[in-house]
Amino acid sequence: MKNSIKYIALSLALASLIPSAFAQTTETWTLDKAVNSALENNMLVHIKDWQVQEKEAKVKEATVKMFPIVNVSANYLYNMNNLELVMAPGSFGTMTFPVIGEVVLPAEEKRFQMSENNNYNAGAMLYQPISQLPKINTGIQVAKADKELALLEQSQVQQQIKTSVEKLFYGILATRKRKIEAEKNIQLAKLKLYDVEGALKSGKTLDVNAAGLQANIVNQEQELLNLIFKEEDYIAEFKKLTGITSDSLILEDEEFVFSATNDLQSYKTSAQSNNVELQIARVKAEKADLGVKAAKLSYLPDLGLVGGYAWQRGNQILPEHNVFAGASLKWNLQDVISNKFTLNQRKYLQQQANEYVENVQQQAQVDTEKAYRKLKQAEQLISVAEKMVEFRRQELKIEQDKFNAGLNTQIKVVEVEAALAKAEADLYDAKMSYKVAEAELQFITHSK
């Protein structure tokens with residue numbers, strides 16, 4: 001007996017030492033908390049952050065080209081054969097003197113060493129472009145446009161993620177409301193089947209299709225399973241998007257309030273100036289304009305100032321130290337001809353970009369109207385659904401009072417409970433539609 005008690009005590013002690021990692025982790029999430037988690041953890045956001053930094057580096061790289069180019073060089077050569085200056089006798093002719101007579105200059109062969117075996121030289125040359133400065137400045141503007149595009153795309157991804165999180169958040173909550181409705185319908189179907197089976201056993205009725213009631217139960221259970229699978233899919237996408245790792249996901253619904261919506265024209269005006277996709281299209285059109293400008297500037301010759309310093313040792317002909325300055329002009333005539341076709345290509349891209357801006361403008365107007373219409377429709381659905389929920393609650397109170405007084409059955413109460421669950425689910429669907437339409441409208445117009 002004592003051994004058994006000791007064994008039980010030991011088992012309980014070991015059980016208390018089991019790591020808490022085996023327990024499920026649970027955390028409550030509000031919509032704002034989930035959105036912030038997605039913006040912090042989502043890989044697409046991280047990628048866009050790196051792209052913005054990459055474009056910033058390209059702007060700095062393009063700016064460097066405005067400054068002088070400095071080339072520094074040094075080398076060493078070993079000459080097997082040295083340069084010699086040889087003067088043959090009489091190379092300078094002859095001279096006649098009164099006493100001596102004619103003298104040959106030089107009188108004998110002269111050799112002068114002009115170089116050494118070891119040759120060293122080093123120097124630095126500076127080139128400041130002049131005629132290419134406008135083209136370089138255009139390149140800087142293109143790099144800045146690329147950075148602006150990266151910032152806009154970053155903002156667009158953040159908005160898309162926020163909208164997706166909101167849709168999944170309310171989708172999960174709406175699915176859970178539908179699950180409650182399905183559970184009530186299953187409870188109701190089972191109660192009806194139970195009453196029918198009791199009536200059949202007692203012989204009170206014969207004309208009842210029990211199989212049909214059983215089929216209804218299976219149908220409701222199938223509907224519940226579909227909702228469970230749907231919820232699992234939503235949760236999987238929600239966790240991936242937000243980086244949430246909790247085993248059990250508890251979502252805290254916020255109190256529903258209607259947003260102070262503007263009129264349709266205000267939203268359209270906002271979309272024309274704030275729509276991110278439209279801003280991206282405009283920046284691309286600006287880049288196309290800069291491309292045409294750069295192609296026109298390519299006709300200019302490459303003119304610049306040159307200056308530098310050179311040092312050498314090993315060659316007696318050249319000075320050891322030399323400072324020089326001047327100008328450089330280069331003009332590739334073949335590039336002048338081929339640049340004509342480059343200019344045509346840039347003009348075609350310019351036309352495409354302008355057409356795309358107009359297309360996005362029109363689409364933004366259509367999308368704004370559609371989202372606004374869905375928002376207003378959801379407002380009407382919410383109003384109707386709220387009335388239905390209130391009527392169902394009143395009806396449930398009446399049926400519960402009747403049941404307590406023995407004037408009706410449990411089935412009637414559960415029928416009204418199921419109807420109330422459906423009305424509440426319909427109301428939540430309408431609220432979810434409103435929130436989704438509101439998020440879409442904010443995304444299109446970039447409004448708060």
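Up top is the structure these notes are about.
Here the residue index of a chain counts from 1 through its sequence in written order. Predicted model: local features are reported for residues with pLDDT of at least 70 only, side-chain atom pairs are reported and counted for 80 or more only, and whole-chain, interface and lining totals are derived from all residues. Only heavy atoms go into the side-chain values, all of them from the structure, while hydrogens and water stay out.

Undergrad: A description of the pattern of salt bridges should follow, citing residues and the corresponding values.
TA: Salt bridges are defined by distance alone: a side-chain nitrogen of Lys or Arg within 4 Å of a carboxyl oxygen of Asp or Glu. A complete count under the given rule lists 25 salt bridges for this structure. Its salt-bridge partner being Asp146, residue Lys287 comes within 2.6 Å of it at the nearest N-O pair. Taken together, the positions of Lys287 in helix H7 (residues 276–297) and Asp146 in helix H4 (residues 133–202) put the pair 141 residues apart, joining distant regions of the chain. Lys376 is the salt-bridge partner of Glu379, the closest N and O atoms lying 3.7 Å from each other. With Glu379 and Lys376 both in helix H8 (residues 333–404), this residue pair falls three residues apart, about one helical turn. Salt bridges linked by common partners bring Arg178, Glu181, Lys422, Asp426 and Asp429 together as one network. Numbering of helices and strands starts at the N terminus; helices are DSSP runs of H or I of at least 4 residues and strands are runs of E of at least 2.

Undergrad: Tell me about the packing of aromatic side chains, and name the residues and values.
TA: A pair of Phe, Tyr and Trp rings is counted when the ring centres sit within 6.5 Å of each other, with Trp represented by its six-membered ring. The angle between the planes then sorts it: under 30 degrees is stacked, over 60 is edge-to-face, the rest tilted. According to the stated counting rule, one finds four aromatic pairs in the structure shown. Here Phe169 and Tyr170 contribute two aromatic rings whose centre-to-centre distance is 5.5 Å and whose plane-to-plane angle is 85°, an arrangement assigned as edge-to-face. Exposure categories follow from relative accessible area, calculated using a 1.4 Å probe and restricted to protein chains: below 20% of the type maximum is buried, above 50% is exposed, and the middle band is partly exposed. Using a relative accessible area of 0% as the deciding quantity, one classes Phe169 as buried. Ring centres 5.8 Å apart and planes at 55° place the aromatic pair Tyr267 and Tyr372 in the tilted group. Separated by 105 residues along the polypeptide, Tyr267 in helix H6 (residues 264–274) and Tyr372 in helix H8 bring together distant segments of the chain. Residue classification places Tyr267 among the buried residues on the basis of a relative accessible area of 9%. A ring has a charge above it when a Lys NZ or an Arg CZ is no more than 6 Å from the ring centre and no more than 35 degrees off the ring normal. Across the ring face of Trp29, the terminal group of Lys33 is positioned such that the distance to the ring centre comes to 4.7 Å.

Undergrad: I'd like a description of the nonpolar core, backed by residues and values.
TA: As a rule of thumb, nonpolar side chains are buried together in soluble globular proteins. Judged by nonpolar contacts, the single largest core of 24 residues is most densely connected at Ile161, Val165, Phe169, Phe238, Leu249 and Leu251. Only helix H2 (31–41), H4, helix H5 (210–242), strand E8 (248–251) and helix H9 (410–445) provide two or more residues apiece to this core. For this core, the element with the most residues is H4, which contributes nine residues. Whether two residues touch is decided by their heavy atoms; if any such pair falls within 4.5 Å, the residues are in contact. Once residues lying within four places of it in the same chain are set aside, the contact partners of Val165 are Leu31, Ala34, Val35, Ala38, Phe238, Leu241 and Thr242. Residues enter a nonpolar core if they are buried and are Ala, Val, Leu, Ile, Met, Phe, Trp, Tyr or Cys, with the set joined through side-chain atoms within 4.5 Å. Core analysis: the second largest hydrophobic core is formed by 20 residues, Ala371, Ala378, Val413 and Leu420 among them.

Undergrad: Which residues make up the sheet that holds strand E7 (residues 115–129), and what values do they have?
TA: In this analysis, strands are considered paired if DSSP registers two or more bridges between them. Strand order in this open sheet of four strands is E2-E7-E9-E10, and the pairing throughout is antiparallel. Only two strands of the sheet have a single partner each, and these edge strands are strand E2 (69–78) and strand E10 (321–330). Direction aside, the axes of adjacent strands within the sheet are offset by 20° on average. Two strands pair when backbone bridges link them, and E7 and strand E9 (residues 302–315) are joined in this way by 11 bridges, in the antiparallel orientation. Following the sheet pairing, Ala122 is matched in E9 by Trp311. What counts as an axis is a line fitted to C-alpha atoms, over the stretch in contact for a helix, and the angles between N-to-C directions run from 0 to 180 degrees.

Undergrad: Can you explain the packing of H7 against H8? Please cite residues and give values.
TA: Packing of H7 against H8 leaves a shortest axis separation of 8 Å and a crossing angle of 165°. Here H7 is positioned roughly antiparallel relative to H8, judged by the angle of their axes. The element H7 and its partner H8 pack so that their crossing is left-handed. Each residue is assigned to one class: nonpolar for Ala, Val, Leu, Ile, Met, Phe, Trp, Tyr, Cys and Pro, charged for Asp, Glu, Lys and Arg, and polar for all the others, Gly among them. Class assignment for the residues of the contact of H7 with H8 results in 13 nonpolar, five polar and seven charged. Each angle receives one of four descriptions, namely roughly parallel if under 35 degrees, roughly antiparallel if over 145, roughly perpendicular if within 65 to 115, and oblique otherwise. A crossing counts as left-handed when the near helix is turned anticlockwise from the far one by less than a right angle, and as right-handed when that turn is clockwise.

Undergrad: Give me the lowdown on a nonpolar patch on the surface, citing residues and values where you can.
TA: Where nonpolar side chains cluster on the molecular surface, the patch consists of Tyr76, Tyr78, Met80 and Tyr120 and spans about 490 Å² of accessible area. Structurally, the position occupied by Tyr76 is in strand E2. Residue classification places Tyr76 among the partly exposed positions, given a relative accessible area of 43%. Residues with no salt bridge and a relative accessible area higher than 30% make up the patches, which join like charges within 9 Å and nonpolar side chains (Val, Leu, Ile, Met, Phe, Trp, Tyr) within 5 Å. The method behind every accessible area is Shrake-Rupley, applied with a 1.4 Å probe, and residues are considered shielded solely by the protein chains displayed.

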